[in-house]
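Coordinate analysis (summary)
Residue-level listing of the chains:
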Amino acid sequence: MSILINKDTTVIIQGITGREAVNLTREGLDYGTKIIGGVTPGRAGRDVYGVPVSDCVRDITDKHHVDASIVTVPPRFTRDAVFEAIEAGIKLIVIVTERIPRREVAEMVELASLRGARIIGPNCLGVLSPDEAKCGGLGGPAVNVRRAFKKGPIGVLSRSGGMTTEIANTLTAAGLGQSTAVSIGGDAIIGATYAELMPLFEADPETKAIAIYSEPGGRMEAELADWITVNKSRLPVVAFMAGRFMDEMPGMRFGHAGTIVEGKADTTADKIERMKAAGISVAERIEDIPALVKERLEKAGH
Amino acid sequence: MADGMFIQVEVDDAVAKDKELVKKLVEVCAVDIFAQKDDGSLEIVRPNLDECVLCDLCVQAAPTGKVRVVKLYE
Amino acid sequence: MRFYEYEAKQLFRQLRMPLLKGRVAKTPAEAKTIAEEIGGPLVLKSQVLSGGRMKAGGVKFPDDPAGAEQAAKEVLALEINGHTPRGVLVEERGPVAQEYFAAVTWDGRAKAPVIIFSDMGGIDIEEVAEKHPEHVGRVHFSTIVPFNPFRAKEAISATGVSGSELNRLTPIVAALAEAFLRYDLTLAEINPLARLEDGRFLVLDGHVDMEAEARDRHAKLLDDLGIGKDETREARPPTEFEIKGAAVDATDHRGVAGNVKEFDGDLGLVIGAGGGSLTLFDAVRNHGGKPANYCEIGGNPSVQKACGLTKLILSKPGVKKIAVMMNVVSNTRVDIVARGVIKGCVESGRDPGETIAIFRIPGAWEDDGFKILEKYGVEYCDRSVSMYEAAGRAVAKMSK
């Protein structure tokens with residue numbers, strides 16, 4: 001099984017005629033994703049790789065059930081697009097766009113939570129359930145996705161889009177497939193954190209362990225550690241922490257928008273300590289993840 | 001004929017002098033390898049050759065075999 | 001993007017917050033003039049984007065215009081943590097009865113803005129929160145329901161403040177929260193917010209940070225405050241190398257070859273993307289390598305951009321070799337990056353096979369990429385070699 005998306009998930013793409021969106025559409029269709037429509041205001045009647053384009057999200061939701069929307073419009077128009085999707089009743093929204101100010105992200109997240117919708121991102125490469133579907137650029141063209149991702153028991157969560165594929169590829173090479181991989185986004189405020197996605201993996205009988213990519217900045221790792229401790233999670237978690245050099249360089253921004261060391265809780269040292277205290281195995285290198293996962297799976301009796 | 005470090009584009013004379021075809025080549029290329037001179041004939045923008053993304057759209061725009069994109073690393 | 005104190009106060013003045021008399025001076029003579037206008041005891045504060053001003057000697061308390069002129073001379077000449085002062089803020093000085101702390105910032109965990117208030121101002125708020133939690137009020141507020149001052153009142157009241165103090169503090173803190181939302185700030189802080197012995201409430205010091213991504217939405221405010229479009233306002237001022245790096249990234253709109261940061265090592269790095277760069281930089285340092293720079297390439301940059309970045313790094317004195325490494329790529333193309341870095345070596349008059357210590361970018365269009373690398377004799381590896389191992393190979397070549 002998978003979380004968030006599978007082969008039956010119906011998907012639309014907002015901003016479908018944009019350069020990146022055209023790629024996402026082709027890659028998604030090639031991978032078997034049910035992309036049933038797209039929106040670009042003023043372009044109704046056109047099509048992108050056979051996917052019909054509409055002016056409004058409602059034009060599609062009036063006729064079809066839509067499970068998810070991928071939003072890839074310029075930063076200035078993102079909030080409008082996301083509000084439109086939420087108010088049209090779509091429950092999963094993947095925001096690919098980066099460079100959206102925090103205030104607008106907070107507004108989108110607040111409305112989503114009022115309406116019972118879930119946001120992934122922004123500034124992410126989306127969600128991929130191997131052999132089922134992909135929403136977003138994760139893994140690239142279908143042929144590349146098939147090389148790096150295989151179906152299996154590991155859930156992957158990553159603040160970096162590129163490292164999501166790197167970790168999946170490392171797991172695949174070691175014979176460990178993935179249930180679903182989520183690029184959760186690199187901003188300071190995101191729609192779904194590690195801790196908010198854990199219950200979904202917890203409820204998925206086929207997911208047996210979790211691999212996580214993490215970096216400095218924010219309180220997301222502390223939140224995950226708390227969640228695991230409070231909920232006595234059945235899932236072993238293995239994490240990789242990048243950006244250790246940043247502990248020595250407070251106030252400097254490297255990598256993603258949310259990656260900056262401002263206080264002690266932002267450092268990798270502090271995060272590693274918290275995660276270890278919650279029973280999370282911390283890998284020194286990416287290539288150590290598979291062995292740690294296997295060790296934890298064996299201990300758990302799988 | 002003109003070549004970059006990695007990519008060479010060869011266009012037959014008949015195509016290079018055909019105003020309509022040249023216009024089409026200019027349109028399809030995403031990295032501006034083709035330009036049209038004042039007299040309508042083809043100009044290859046040498047600094048852009050290595051930006052070629054091997055999309056083949058120029059090859060498809062001309063009659064078979066009249067535009068050739070050569071990888072100089074093969 | 002951090003504001004200088006005098007800019008933060010200019011913003012507060014627009015919001016009709018109560019401020020001390022005074023303004024910023026660029027020269028000692030100007031400081032003297034301002035001191036004469038104020039006519040009383042003074043505070044002079046160095047205008048730098050760095051903490052620890054008091055400790056470093058960047059704050060002085062002269063009593064008259066002559067003293068102010070002398071103090072300004074000293075403060076303007078004093079570099080603090082590598083920052084040269086932009087000016088000196090000359091303000092009136094009055095006896096303080098009580099200091100408070102008020103700030104609005106983002107709570108990433110709650111995904112909402114939060115007002116933090118304390119009646120123990122002037123000292124480190126983290127310390128107050130730890131030792132005297134009953135003196136810290138925290139109240140989150142909505143970003144989609146219009147802001148109302150009761151949120152500020154709740155935060156203040158939570159610390160036990162009541163009476164006329166509560167009613168005089170509420171509008172100040174409410175104005176801070178409204179400005180926080182209106183101007184896309186990531187931090188709006190008043191510390192200390194003081195009650196003087198004569199009963200007035202005044203903003204003594206302020207700290208404002210604006211979200212870099214929102215800069216162009218507030219062009220008018222930034223223009224009013226005199227903040228230039230090219231001011232990065234990072235923890236340290238950008239080096240010439242870093243400014244050139246930004247120029248390379250701006251050559252065209254295709255992809256990214258940016259966030260170039262200078263270090264003093266001998267191994268140049270052409271690495272990506274966001275998370276991959278962090279991972280690879282750690283890996284190089286773990287193997288004992290000395291990076292000459294940090295950078296992030298991604299989003300499928302043009303050949304020209306990858307070439308320009310390579311040339312910039314190779315132009316840096318002391319750079320012996322470069323390592324070209326990324327995580328498994330999806331939309332960035334291996335062949336395009338290979339072309340760019342090889343071209344960059346050749347145009348710098350260097351042999352790519354000698355100069356590129358390792359090329360480890362697996363993924364899209366890798367077959368073409370590897371053929372190019374073979375032709376130029378560059379050592380490369382595919383996805384079976386980890387990022388860590390590739391970094392190790394590059395570092396090993398440096399000692400040869």
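Residues numbered from 1 in each chain as written. Chains lettered and ligands numbered in written order. Predicted model: local features only at pLDDT ≥ 70, side-chain atom pairs only at ≥ 80, totals over all residues.

Here we look at the interface of chain A and chain C
Taken together, the contacts link 45 residues of chain A with 39 residues of chain C. Elements with a contribution of two residues or more to the side of chain A that touches chain C: helix 4 (102–115), helix 5 (142–148) and helix 6 (161–173) of chain A. The greatest single-element share of the side of chain A that touches chain C, amounting to seven residues, is contributed by helix 4 of chain A. Classifying every residue of the side of chain A that touches chain C gives 18 nonpolar, 14 polar and 13 charged. (Contact = placed C-beta atoms within 7 Å. Helix = DSSP H or I, 4+ residues; strand = E, 2+ residues; numbered from the N terminus. Nonpolar A, V, L, I, M, F, W, Y, C, P; charged D, E, K, R; others polar.)

Some thoughts on helix 1 (residues 5–14) of chain C
Residues and elements named next belong to chain C. Taken across its 10 residues, helix 1 has eight buried, putting it largely inside the fold. Turning to helix 1, its buried residues number three or more, namely Glu5, Tyr6, Glu7, Ala8, Lys9, Gln10, Leu11 and Phe12. Where helix 1 terminates, the next one or two residues include Arg16, which has phi positive at roughly 65°. (Buried ≥ 20, exposed ≤ 12 C-beta atoms within 10 Å, placed from the backbone.)

With respect to the environment of Asp368(C)
Within the element layout of this structure, Asp368(C) appears in helix 14 (residues 366–375). The sequence separation of Asp368(C) and Gly160(C) amounts to 208 residues, and the corresponding C-alpha distance is 70 Å.

Concerning the nonpolar core
Within the largest apolar cluster, 172 residues are counted, with the highest numbers of intra-cluster contacts made by Ile93(A), Val94(A) and Met325(C). With 60 residues, the next largest nonpolar core counts Leu11(C), Ala25(C), Phe101(C) and Ala188(C) among its residues. (Core = buried A, V, L, I, M, F, W, Y, C linked by C-beta atoms within 7 Å.)

Regarding the interface of chain C and chain B
Counting residues at the interface gives eight residues for chain C and six residues for chain B. When contributions to the side of chain C that touches chain B are tallied by element, the ones reaching two or more residues are helix 11 (303–314), helix 12 (334–347) and helix 14 of chain C. Among the elements that make up the side of chain C that touches chain B, the one with the highest residue count is helix 14 of chain C (three residues). A per-class count over the side of chain C that touches chain B returns two nonpolar, two polar and four charged.

Some details on the pairing of strand 4 (residues 88–92) of chain C
Residues and elements named next belong to chain C. For strand 4, the buried fraction is high: four of the five residues fall into the buried class. Sheet analysis places strand 1 (residues 22–25) next to strand 4, joined by four bridges and oriented antiparallel. By the bridge assignment, Val24 is partnered in strand 4 with Leu89. Across five bridges, strand 2 (residues 42–46) lies against strand 4 in antiparallel orientation. (Pairing = 2+ DSSP bridges.)

What about the sheet that holds strand 13 (residues 237–241) of chain A?
All names here are of chain A. One open sheet accounts for seven strands, arranged 9-8-11-10-12-13-14; its pairing is mixed. This sheet does not close on itself; its edge strands, each paired only once, are strand 9 (133–135) and strand 14 (281–283). In this sheet, neighbouring strand axes are inclined to one another by 20° on average, regardless of whether the strands run parallel or antiparallel. (Axes fitted to C-alpha atoms, helices over the stretch in contact; angles between N-to-C directions.)

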